[in-house]
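# Structural description and commentary
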Amino acid sequence: MKPTTWNYIWKIFTIVLMLYVILGGMLMEVPVLPVIHQTIRNIYFHVGMWFSMIFILFAGFIFSLRYLRTFHPRFDRMAYATVKTGLVFGFLGLITGMIWAKYTWGVYWVNDPKLNGAAVGILVYLAYMVLRSSVEDPEKRARLVAVYKIFAFVIMFVFIMILPRLTGASIHPGVDGNPALATGDLDPLMRRVFFPAIAAWMLFAWWVYTLVYRMDTVKEKINQINIDPS
Amino acid sequence: MVHREILSLIHKEFLLEWRQKHALGGIVLYLVSTIFICYLSFTGLMSVPVWNALFWIIIAFASLNLVLKSFGEENSGRKLYLYTLASPQAVIFSKILVNSLTMIVLGVLGFILFNLFMGNIAGGKPVYWLVLITGVVGFSSVLTMVSAIAGQVRNNFTLMAVLGFPLILPLLLLLIRSSLAALQGAGVADVGSDLLVILLLVLISLTLSNILFPYLWKD
């Protein structure tokens, strides 16, 4: 199969899957439970957004490593695009989570290891953006941000994996440190939409990332033409 | 070979520190005045959890200030000279060691002052001292690498705070929790798992500094 054809196929597949998730998520039968009632449908969206954020940011971690190996500016642009995309999905996950928390726990925010971990993670990536904007020289900037990103990613990973396990008392589901992956307690009715939802969100996030990356590349080229019109 | 390099670099750092006493004196004064301000403004509000949280926040800011100058004040000529002489690993390890040692001294000093002004709550608790020393070593080893990054940019105090705080925040929470347990009479075995996590973190940041610092060094 030619790569161009493949390009169309996975995007069409993503659209179909996403439509199924939105329609199925809103309309299909869900178990009737106290307290959370119909808000249980949020699991298809909230969890999917966090999954896609982690997925994109992990890809960005790999790009930063490859940048330090090769010093090719392409990898720096790729890493930057992953941070921008990941932050958008992170904020979406935060907003959907806060609305959900308001309806089930009664407040928008609780002092919980998982919630705080997510907030600190987003702060780290915002700090990445600040660091990026405060260095002029592109080669030096790429080097500094790659080093910061790798350092911060590993440290945050250790904290997010270890802290909730130690503190134990978390109101957020998923006690063993991976919220929502313990599918044993997910109703079979919901698995029909939940697994496609995860896949759809991840594919969608990757699509958005490729668009951001291509836009950045085009901007870079326009800049170069403006500087040197020959 | 590397041991010798690290030792002589540490010697150089302490010599510099001794000759520029005002820099360290500034941080000591910072500690004293912050504690005095807290003493004046928190009268009547003191409870054990507040005491503990306040103490750790002051220590976190002090280590941010201390570690910031380990790369911020190195001028470019001296950097180039060091670059020709020492390996990057020796440079970063010596900086982390010097920062940790200085921070232990500052932490103990701050702790004594804090007990003096804010009421002697923790002075007689050996577990608290253990948490204190592990905690400041944790702060210095994470922040030294951040300072190496921020030191390459002008106007770096804001940047240091922005880059460093999210990274030490979980550590800070962990320390506040375990030291509060120590205040309420927990033994070494009770806070042991927290201390192990901090030591693990120190090891990880040493490894990462070892791998990543050479990329910052060649400028």
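Residues numbered from 1 in each chain as written. Chains lettered and ligands numbered in written order. Predicted model: local features only at pLDDT ≥ 70, side-chain atom pairs only at ≥ 80, totals over all residues. Heavy atoms only, no water.

## Focus on the overall build of chain B
Tallying secondary structure elements over chain B gives eight helices and zero strands in all. Scanning chain B from its N terminus toward the C terminus, one meets helices and strands in the order α-α-α-α-α-α-α-α. The principal-axis extents of the C-alpha atoms in chain B amount to approximately 55 × 35 × 30 Å. For chain B, the residues scored as buried account for 52% of the 219 residues in total. Summarising the internal contacts of chain B: among those between residues at least 6 apart in sequence, 83% fall at separations of at least 24. For chain B, the accessible surface area stands at approximately 9,800 Å², while carbon and sulfur atoms represent 71% of it. Counting 12 positive and 8 negative side-chain charges, chain B places the centres of these two groups 5 Å from one another. (Helix = DSSP H or I, 4+ residues; strand = E, 2+ residues; numbered from the N terminus. Buried < 20%, exposed > 50% of the residue type's maximum accessible area, 1.4 Å probe, protein only. Contact = heavy atoms within 4.5 Å. Areas by Shrake-Rupley, 256 points an atom, 1.4 Å probe, with all protein chains shown as cover. Lys, Arg positive; Asp, Glu negative; His and termini not counted. Charge placed at Lys NZ, Arg CZ, Asp CG, Glu CD.)

## Observations regarding the overall build of chain A
Scanning chain A from terminus to terminus reveals six helices and zero strands. Along chain A, helices (α) and strands (β) appear in the sequence α-α-α-α-α-α when read from the amino end. Of all 230 residues assigned to chain A, the portion counted as buried reaches 46%. Nonlocal contacts in chain A, meaning residues at least 24 apart in sequence, comprise 75% of its contacts between residues at least 6 apart. By element, 71% of the accessible surface of chain A is carried by carbon and sulfur atoms, the whole surface being about 12,300 Å².

## Regarding the interface of chain A and chain B
Each partner contributes residues to the interface: chain A has 27 residues there, and chain B has 30 residues. Together chain A and chain B conceal approximately 2,800 Å² of surface at their shared face, both sides included; 83% is due to carbon and sulfur atoms. Among the residues chain A hides against chain B, the three largest losses belong to A:Arg143, A:Phe151 and A:Phe159. Together they make up 23% of the total. Connecting chain A to chain B are zero salt bridges. (Buried area = accessible area lost by both parts, 1.4 Å probe. Salt bridge = Lys/Arg side-chain N within 4 Å of Asp/Glu carboxyl O.)

## Some points on the packing of helix α2 (residues 43–70) of chain A against helix α6 (residues 188–227) of chain A
Residue and element names in this part refer to chain A. One can describe the packing of α2 onto α6 by two numbers: an axis separation of 8 Å at closest approach and a directional angle of 40°. Comparing the axis directions of α2 and α6 gives the class oblique. Helix-helix and strand crossings are classified by hand; for α2 and α6 the assignment is right-handed. On the side of α2, the interface is formed by Ile-43, Tyr-44, Phe-45, Val-47, Gly-48, Met-49, Phe-51, Ser-52, Phe-55, Ile-56, Ala-59 and Phe-63, while α6 contributes Met-190, Val-193, Phe-194, Ala-197, Ile-198, Trp-201, Met-202, Ala-205, Trp-206 and Tyr-209. Taken together, the residues that form the contact of α2 with α6 break down as 20 nonpolar, two polar and no charged. (Axes fitted to C-alpha atoms, helices over the stretch in contact; angles between N-to-C directions. Parallel < 35°, antiparallel > 145°, perpendicular 65-115°, else oblique. Left-handed = near helix turned anticlockwise from the far one by under 90°. Nonpolar A, V, L, I, M, F, W, Y, C, P; charged D, E, K, R; others polar.)

## A word on the environment of A:Thr217
Mapped onto the secondary structure, A:Thr217 falls in helix α6. C-alpha separation for the pair A:Thr217 and A:Arg77, spaced 140 residues apart in sequence, amounts to 7.5 Å.

## Side note on the side chain of B:Asn52
All names here are of chain B. As for its placement among the helices and strands, Asn-52 is situated in helix α3 (residues 48–72). Within polar-contact distance, the side chain of Asn-52 engages the backbone oxygen of Ile-176 at 3.0 Å. What Asn-52 contacts, discounting residues up to four positions off in sequence, is Tyr-128, Ile-176, Ser-179, Leu-180 and Leu-183. (Polar contact = N/O pair within 3.5 Å; in protein donor to acceptor, adjacent residues only side chain to side chain.)

## So, the packing of aromatic side chains
Overall, the coordinates contain 29 aromatic pairs over all chains when judged by the stated rule. The interplanar angle of 65° and the centroid separation of 6.3 Å between the aromatic rings of A:Trp10 and A:Trp207 together place this pair among those described as edge-to-face. Note that A:Trp10 is positioned in helix α1 (residues 3–27) and A:Trp207 in helix α6, a separation of 197 residues in sequence. Judged by relative accessible area, which is 14%, A:Trp10 ranks as buried. By way of ring pairs, the aromatic residues B:Trp51, B:Phe55, B:Trp56, B:Phe111, B:Phe114, B:Tyr128, B:Trp129 and B:Phe139 are connected into one cluster. Lying across the ring of A:Tyr108, A:Lys102 places its NZ or CZ 5.2 Å from the centre. (Phe/Tyr/Trp six-rings, centres within 6.5 Å; stacked < 30°, edge-to-face > 60°. Lys NZ or Arg CZ within 6 Å of the ring centre and 35° of its normal.)

## Focus: helix α7 (residues 156–183) of chain B
All names here are of chain B. A maximum bend of about 45° is found in α7 at Phe-165, where proline Pro-166 lies one to four positions downstream. Most of α7 sits inside the fold, with 20 of its 28 residues counted as buried. At the C-terminal side of α7, Gly-185 shows a positive phi close to 100°. (Bend = angle between axes of the 7 residues up to and from the residue.)

## Let's talk about helix α2 (residues 21–41) of chain B
Each turn of an α-helix holds 3.6 residues, which means side chains three or four residues apart point in the same direction. All names here are of chain B. Taking 1.5 Å as the rise per residue, α2 with 21 residues should run 30 Å; its terminal C-alpha atoms sit 30 Å apart, in good agreement. Within α2, the full set of buried residues consists of Ala-23, Ile-27, Leu-31, Thr-34, Ile-35 and Cys-38. The buried residues of α2 occupy an angular sector of 115° when the element is viewed end-on, so they sit on one face. Away from its buried face, by an angle of more than 90 degrees, α2 presents the exposed residues His-22, Leu-29, Ile-37 and Leu-40. (Expected span 1.5 Å × (residues − 1). Arc of directions from axis to C-beta.)

## Focus on a nonpolar patch on the surface
Residues and elements named next belong to chain A. Among the surface-exposed residues, Phe-91, Ile-95, Ile-99, Tyr-103, Leu-123 and Leu-126 lie close enough to one another that they form a single nonpolar patch of about 580 Å² accessible area. Residue assignment for the nonpolar patch shows that the elements contributing at least two residues are α3 (73–104) and α4 (113–133). The leading source of residues in the nonpolar patch is α3, at four residues. Relative to the assigned elements, Tyr-103 resides in helix α3. Note on Tyr-103: relative accessible area 60%, which makes it exposed. (Patch = residues over 30% accessible without salt bridge, like charges linked within 9 Å, V, L, I, M, F, W, Y side chains within 5 Å.)

## Points about unusual backbone geometry
All names here are of chain A. With a phi angle near 55°, Phe-71 is a residue other than glycine that sits in the positive phi range. Within the element layout of this structure, Phe-71 appears in the loop between α2 and α3. A relative accessible area of 29% places Phe-71 in the partly exposed class.

## Topic: the side chain of B:Gln152
Position of B:Gln152 relative to the elements: it lies in the loop between α6 (126–150) and α7. Note on B:Gln152: relative accessible area 15%, which makes it buried.

## Focus: the confidence of the model for chain B
Chain-level pLDDT for chain B is 85 on average; 95% of the residues reach the 70-or-more range. The secondary structure element of chain B with the lowest average pLDDT is helix α4 (residues 76–85) of chain B, at 74, and the one with the highest is α6(B), at 91. (pLDDT = per-residue confidence, 0-100.)

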